[in-house]
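Here are the chains, one letter per residue:
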Amino acid sequence: MTTRTTRDGAAAPTPSVGAAAATTAACSGARSAGGPGLRLGVDIGGTKTAVAVLDEGDAVLARASAPTPAADGASAVVAGVLELAGHVLGESASVRGRLTGVGVGTAGVVAPDGRTIASATDALPGWAGTPLAVLLEDALGVPAVLLGDVQAFLAGELAAGAARGARGAVAVMAGTGIGGAVAVDGAVVRGGNGAAGHLGHVPVAAAEGLRCPCGALGHVEAVASGPAMAALAGAPDLRAVAAEASAGSASARDVLRRGGAALGAALAGVVNTLDPDVVVVSGGVLHAGPWYEEALRASLTASVLPLLRTVPVVPAALGAEAVLLGAASLAPRRTG
């Protein structure tokens, strides 16, 4: 089911859009209409896809989301994006003609040219190798640029959130996995292979002998992610660990502290290397009680250079909108 909201947050009816071909035809058209330019921001996750249309002032005018049809393959995922784009743009040719560009934050690693999915996990079968920018450009008739989802998250926080005004920043998202991104000179760094900022795969002593989902041993994700801590605690999920910790379980609290301290140690290496203005933290693991975040902050402080102990560690400000806003912030704007 597709959900659409308008700028004021009220639910709005969505037009019926059938096959992907129909959506593509509807989204294509002249780009000469006058008026302020509009951009699309797209957030493609393993379970949910969201699309928003933004004006030149970065205000979200309309937003729509739907489950990601990951099991149906890459073509279905792209068709879903185009269907959502049709919903938020509506049927007006004048509105569609004001579209200047599309920015996408997606699960997986994006090639450094921002055009193609370089690699992806089993959460999106067949996603690796998808020429997503070309497919969107052919359908929508405007330039498209891609970023990894956590890279887009940091771009959003740089543009309008907790890292606004920062020249150097580090972001980490701690949840089902440990994601990260870095920015230098005010811009998110892609890296030579598109994988810059993968903080979850920094080796740490606390994870020695533990296998990361990527297959390697000793990465911080193997001890600091939600599923990893649930496994270490012998619990079905992180909620159960948090409940046990809140009820006074010393072992559950120790698992959370171990995970937080490990992530703090990994972050310290990045902070010592980049000397950022700010570290932005986010993700569901931070809501598992105070033990994880307190240990993260203490470990980070203890492991960085004395000069860097004042680098602020702040919560993300934009919530679920960060990826959409960050992706849209990189989309081409109207000039002249």
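## Quick word on the overall build of the chain
A count of helices and strands for the chain gives 11 helices and 13 strands. Each of the 336 residues in the chain was classed as buried or not, and the buried ones make up 51%. Counting only contacts in the chain whose residues sit at least 6 apart along the sequence, the fraction spanning at least 24 positions is 65%. With the model as given, the accessible surface of the chain reaches about 13800 Å², and the carbon-plus-sulfur share is 57%.

## Overview of helix 11 (residues 322–329)
Judged by how many residues are buried, helix 11 sits mostly within the fold: seven of eight residues are covered. Along helix 11, the positions that sit buried rather than exposed are Ala322, Val323, Leu324, Leu325, Gly326, Ala327 and Ala328. Structurally, helix 11 contributes buried residues whose contacts are with strand 2 (38–44), strand 3 (48–54), strand 4 (60–67), strand 5 (99–106) and helix 5 (149–160).

## Remarks on the environment of His219
Positionally, His219 belongs in the loop between strand 11 (187–188) and helix 6 (221–224). C-alpha of His219 to C-alpha of His201: the two residues are 18 residues apart in sequence and 4.8 Å apart in space. Setting aside anything within four residues of it in sequence, one finds His219 in contact with Gly200, His201, Val202, Pro203, Ala207, Cys212 and Cys214.

## What to know about the sheet that holds strand 9 (residues 169–174)
In space, the five strands of this open sheet follow the order 11-10-9-12-13, with mixed pairing throughout. With partners counted over all chains shown, the strands left at the sheet margins are strand 11 and strand 13 (313–315), one partner each. Here six bridges tie strand 9 to strand 10 (residues 178–184), and the two strands are oriented antiparallel to one another. When the sheet's bridge partners are listed, Val172 is paired in strand 10 with Gly180. Packing against the sheet, helix 9 (residues 250–274) makes contact with strand 9, strand 10 and strand 12 (278–282), and its axis sits at approximately 165 degrees to strand 9.

## Structural notes on unusual backbone geometry
For Asp58, which is not a glycine, the phi torsion comes out positive at approximately 70 degrees. Examined against the element boundaries, Asp58 turns out to sit in the loop between strand 3 and strand 4. Although it is not a glycine, Asp275 adopts a positive phi angle of roughly 50 degrees. Among the structural elements, Asp275 can be located in the loop between helix 9 and strand 12.

## Regarding the nonpolar core
Counting 42 residues, the largest nonpolar core has Val220, Leu256, Leu263, Leu267, Val279 and Tyr292 as the members making the most contacts within it. Those elements that provide at least two residues to this core are strand 9, strand 10, helix 6, helix 7 (226–233), helix 8 (238–246), helix 9, strand 12 and helix 10 (290–303). Leu38, Leu40, Val77 and Val110 belong to the second largest nonpolar core, which has 35 residues in total.

## Details of the side chain of Arg98
With respect to the helices and strands, the residue Arg98 is situated in the loop between helix 3 (93–97) and strand 5. Of the buried charged residues, Arg98 lacks a salt bridge, with Asp55 as the closest side chain of opposite charge at 7.2 Å. Of the polar contacts made by the side chain of Arg98, one reaches the backbone oxygen of Pro36; its length is 2.7 Å.

## Regarding the confidence of the model for the chain
In the predicted model, the chain carries a mean pLDDT of 89, and the fraction of residues at 70 or more is 88%. Segment residues 4–32 is flagged for pLDDT under 50; beyond a separation of four residues in sequence, or across chains, it makes 52 contacts in the model.

## Focus on the pairing of strand 2
A regular strand places its side chains on the two faces of the sheet in alternate fashion. Most of strand 2 is tucked away, with seven of its seven residues classed as buried. Neither face of strand 2 is open: one carries Leu38, Leu40, Val42 and Ile44, the other Arg39, Gly41 and Asp43, and all of them are buried. The pairing of strand 2 with strand 5 spans seven bridges and is parallel. Across the sheet, Gly41 pairs through a bridge with Gly103, a residue of strand 5. Sheet analysis places strand 2 next to strand 3, joined by six bridges and oriented antiparallel. Looking across to strand 3, one finds that Arg39 is bridged to Leu54. Hairpin connection between strand 2 and strand 3: a loop of three residues separates the two successive antiparallel strands.

## As for the pairing of strand 10
The element strand 10 is largely enclosed, with a buried count of six among its seven residues. Where strand 9 folds back on strand 10, the antiparallel hairpin that results is connected by three residues. Pairing geometry for strand 10 and strand 11, over two bridges, is antiparallel. The residue bridging Ala183 from the neighbouring strand is Val188, located in strand 11. What sits between the antiparallel neighbours strand 10 and strand 11 is a turn of two residues, in which Asp185 has the positive phi angle 55 degrees.

Cut-offs and rules
Residues numbered from 1 in each chain as written. Predicted model: local features only at pLDDT ≥ 70, side-chain atom pairs only at ≥ 80, totals over all residues. Heavy atoms only, no water. Helix = DSSP H or I, 4+ residues; strand = E, 2+ residues; numbered from the N terminus. Buried < 20%, exposed > 50% of the residue type's maximum accessible area, 1.4 Å probe, protein only. Contact = heavy atoms within 4.5 Å. Areas by Shrake-Rupley, 256 points an atom, 1.4 Å probe, with all protein chains shown as cover. Pairing = 2+ DSSP bridges. Axes fitted to C-alpha atoms, helices over the stretch in contact; angles between N-to-C directions. Core = buried A, V, L, I, M, F, W, Y, C linked by side-chain atoms within 4.5 Å. Lys, Arg positive; Asp, Glu negative; His and termini not counted. Salt bridge = Lys/Arg side-chain N within 4 Å of Asp/Glu carboxyl O. Polar contact = N/O pair within 3.5 Å; in protein donor to acceptor, adjacent residues only side chain to side chain. pLDDT = per-residue confidence, 0-100.

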